[in-house]
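# Structural characterization, general
So you can see what is in the structure, the chains are spelled out below.
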Amino acid sequence: MLKFSEQQEQLRKVVRDFVEKEIATIASKIDQEDTCPVELLRMTAQLGYNGVFVPECYQGVGLGYTERAIILEEIARHSAGFALALMTHHLGVYAILTWGNEEQKQKYLPKLCSGSIAGLAVTEPGGGSDFAGMKSTGELVDGYWVLNGRKCFITNSHCADINIVVVRTGEDEKGRPRMSVFVIDENTPGCKPGRKEKKTGLKGSDMGDVILDNVKVPASNLIGKPGDGAKIGLGTISEVGRSGMAAIGLGILRACLEDSVKFAKERIIYGRPLAKLTNIQFIIAQNRTDYEAGRLLTYNAVGIKDAGLPCVPEISIAKYFTTEAAINTAKRTIDLMGGYGVICDYPVDRYLRDAVASIPSGGTSYVMQIIIAGSALS
Ligand SMILES: Cc1cc2nc3c(=O)[nH]c(=O)nc-3n(C[C@H](O)[C@H](O)[C@H](O)COP(=O)(O)OP(=O)(O)OC[C@H]3O[C@@H](n4cnc5c(N)ncnc54)[C@H](O)[C@@H]3O)c2cc1C
């Protein structure tokens, strides 16, 4: 049986109250305006959500990845788009916390816990899944790293204060690309947002290009060692990015379940509630089953991460299942609602758009299947 601690249940309650008061009421506006409500990210910082898994010595709240998933699920229940902005901020935080040196942790983590926003820029126009194919470069010139290139599809591209970027810094002895990771401070000349994308869903988080045009960073801004880029970039995405997306998928699943139950009880057809029809009950049963399965998979996976054990296959399974199930559940909920399902006054069309947009974020379903199969066959 999945069981949360008293402290975790209390956290869920506090987050839910906050989300119902501050986010649910503007979720539709966030979606329509398609911009990141930066002021909400400052509020979540004050509540400790931006540094939820950061130790207290760096001004975090010292909790774990289960608590992070609780926060993201609760936010995504009403605004998956805004949840994506927070979840991506966590990626920058995690990279510094896990691979940064003490000086970097002292310098960046307190800021990132208290309101500065982070982004993690890996993807390039040449392909996100093809990590080794990236073309952006970092060159060591007179003791400084000079970064050049164009990153695309980057969440928080237009609101991040601190950018973590992965670039190519040479080749190993076998001619394979060597990647390295740099932190770029606020207002560093040459680092600027480029084109902003209009997404199908997950609006409420900015997404676009991050341009690196002769960005000069001191050697002290290198995270880890030269050549650690694959370990840091993929390590962050595969454990923290995908577990975050699983929690966001779970929030969408719960939204669909709760809204389908409410609509089925309230809608009167043939003189009685829609919920009396057997096929409608089948939809509710499928929605509930998908939510419960997603919940077990997601909290199992983050529980393994919290225990410090290898968790990549479990997290990939949770991400793959919840995001795909969210699409099916949103589509079924639209069917359940008849004509009302396609009226934009109801949020269910947003749930479907958000679910569709969640598939590539953090790695596509095909990539998840390759990881899952690889682990089963090894
Ligand atoms: C909402 C959203 C937010 C994002 N935020 C960020 C961010 O903050 N930072 C960041 O760096 N990136 C971000 N991304 C980019 C995301 O990581 C990429 O979109 C994703 O990795 C896929 O890369 P791609 O879009 O280039 O597709 P491609 O890699 O070109 O994939 C195209 C198709 O080929 C398939 N495919 C690829 N490789 C294989 C393979 N080996 N075998 C079989 N099929 C394969 C894919 O499944 C897909 O169907 C975000 C994307 C979205 C949608």
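Analysis parameters
Residues numbered from 1 in each chain as written. Predicted model: local features only at pLDDT ≥ 70, side-chain atom pairs only at ≥ 80, totals over all residues. Heavy atoms only, no water. UniProt positions renumbered as here; feature names shortened; annotations may be inferred. Helix = DSSP H or I, 4+ residues; strand = E, 2+ residues; numbered from the N terminus. Near = heavy atom within 4 Å. Polar contact = N/O pair within 3.5 Å; in protein donor to acceptor, adjacent residues only side chain to side chain. Areas by Shrake-Rupley, 256 points an atom, 1.4 Å probe, with all protein chains shown as cover. Domains from an automatic or database assignment. 1 Å grid on protein atoms, 1.4 Å probe; cavity = no way out; pocket = protein on both sides within 12 Å on 5 of 7 lines; lining within 4 Å. Points joined across faces, edges and corners; volume = space filled by probe spheres on them. Nonpolar A, V, L, I, M, F, W, Y, C, P; charged D, E, K, R; others polar. Axes fitted to C-alpha atoms, helices over the stretch in contact; angles between N-to-C directions. Parallel < 35°, antiparallel > 145°, perpendicular 65-115°, else oblique. Left-handed = near helix turned anticlockwise from the far one by under 90°. Contact = heavy atoms within 4.5 Å. Phe/Tyr/Trp six-rings, centres within 6.5 Å; stacked < 30°, edge-to-face > 60°. Buried < 20%, exposed > 50% of the residue type's maximum accessible area, 1.4 Å probe, protein only. Lys NZ or Arg CZ within 6 Å of the ring centre and 35° of its normal.

Looking at an unreviewed UniProt entry, the protein carries the name Acyl-CoA dehydrogenase, with the source organism given as Pelotomaculum propionicicum. Recorded under Sequence similarities (unreviewed entry), the UniProt text for the protein is reproduced unchanged: "Belongs to the acyl-CoA dehydrogenase family." According to the UniProt record, the Cofactor (unreviewed entry) comment for the protein is "FAD".

### Re the UniProt feature "domain: Acyl-CoA dehydrogenase/oxidase N-terminal" (unreviewed entry) in the protein
Residues annotated in UniProt with the feature "domain: Acyl-CoA dehydrogenase/oxidase N-terminal" (unreviewed entry) correspond here to residues 5–115. Overall, residues 5–115 shows 73% helix and 0% strand. The separation of its end C-alpha atoms is 28 Å.

### Details of the site of the ligand
Taken together, 21 residues are adjacent to the ligand, and Thr123, Gly128, Ser129, Thr155 and Thr364 come closest. Ser129 is positioned such that a nitrogen or oxygen atom in its side chain is 2.5 Å from an oxygen atom of the ligand. One of the backbone N or O atoms of Phe153 is found 3.0 Å from a nitrogen atom in the ligand. Protein contact buries 66% of the 970 Å² of open area that the ligand shows by itself. At the level of elements, helix H5 (80–99), strand S1 (118–121), strand S3 (144–155) and helix H11 (365–377) are the ones that each hand at least two residues to the shell around the ligand. The leading source of residues in the shell around the ligand is S3, at three residues. Two domains each donate at least three residues to the shell around the ligand, and these are domain 2 (119–230) and domain 3 (231–377).

### As for the layout of surface pockets
Here the largest pocket defines a volume of roughly 910 Å³. As for the largest pocket, its lining consists of 35 residues, of which Thr123, Pro360, Ser361, Gly362 and Gly363 are closest to the centre. Among the secondary structure elements, those contributing two or more residues to the lining of the largest pocket are H5, S3, helix H7 (229–266) and helix H10 (348–358). Class assignment for the residues of the lining of the largest pocket results in 18 nonpolar, 12 polar and five charged. What the second largest pocket holds in volume is close to 240 Å³. If you go around the second largest pocket, you meet 16 residues; those closest to its centre are Ser28, Cys344, Tyr346, Pro347 and Arg350. Of all the secondary-structure elements, those providing two or more residues to the lining of the second largest pocket are helix H2 (27–33), helix H4 (65–78) and H10. Among the domains, domain 1 (6–117) and domain 3 (231–377) are the pair contributing at least three residues each to the lining of the second largest pocket.

### With respect to the packing of H5 against helix H6 (residues 102–114)
In the contact formed by H5 and H6, the axes pass within 10 Å of each other and the chain directions differ by 160 degrees. Looking at the two axes, H5 sits roughly antiparallel to H6. Handedness of the H5/H6 crossing: left-handed. Along the contact surface, H5 presents His89, Val93, Ile96 and Leu97, while H6 presents Gln104, Lys105, Tyr108, Leu109 and Leu112.

### Focus on the packing of aromatic side chains
Per the stated rule, a full pass over the model turns up 10 aromatic pairs. A centroid spacing of 4.8 Å and a plane angle of 25 degrees characterise the contact between Phe53 and Tyr65, whose relative ring orientation is stacked. Taken together, the positions of Phe53 in the loop between helix H3 (38–46) and H4 and Tyr65 in helix H4 put the pair 12 residues apart, joining distant regions of the chain. The pair Phe53 / Tyr65 is uniform in exposure class, with both members buried. Ring geometry for Tyr340 against Tyr346: centres 6.0 Å apart, planes inclined by 80 degrees, an arrangement best described as edge-to-face. In this structure an aromatic cluster arises from ring pairing among Phe53, Tyr65, Tyr94 and Trp99. Across from the ring centre of Tyr144, 4.6 Å away, lies the NZ or CZ of Lys216, which sits over that ring.

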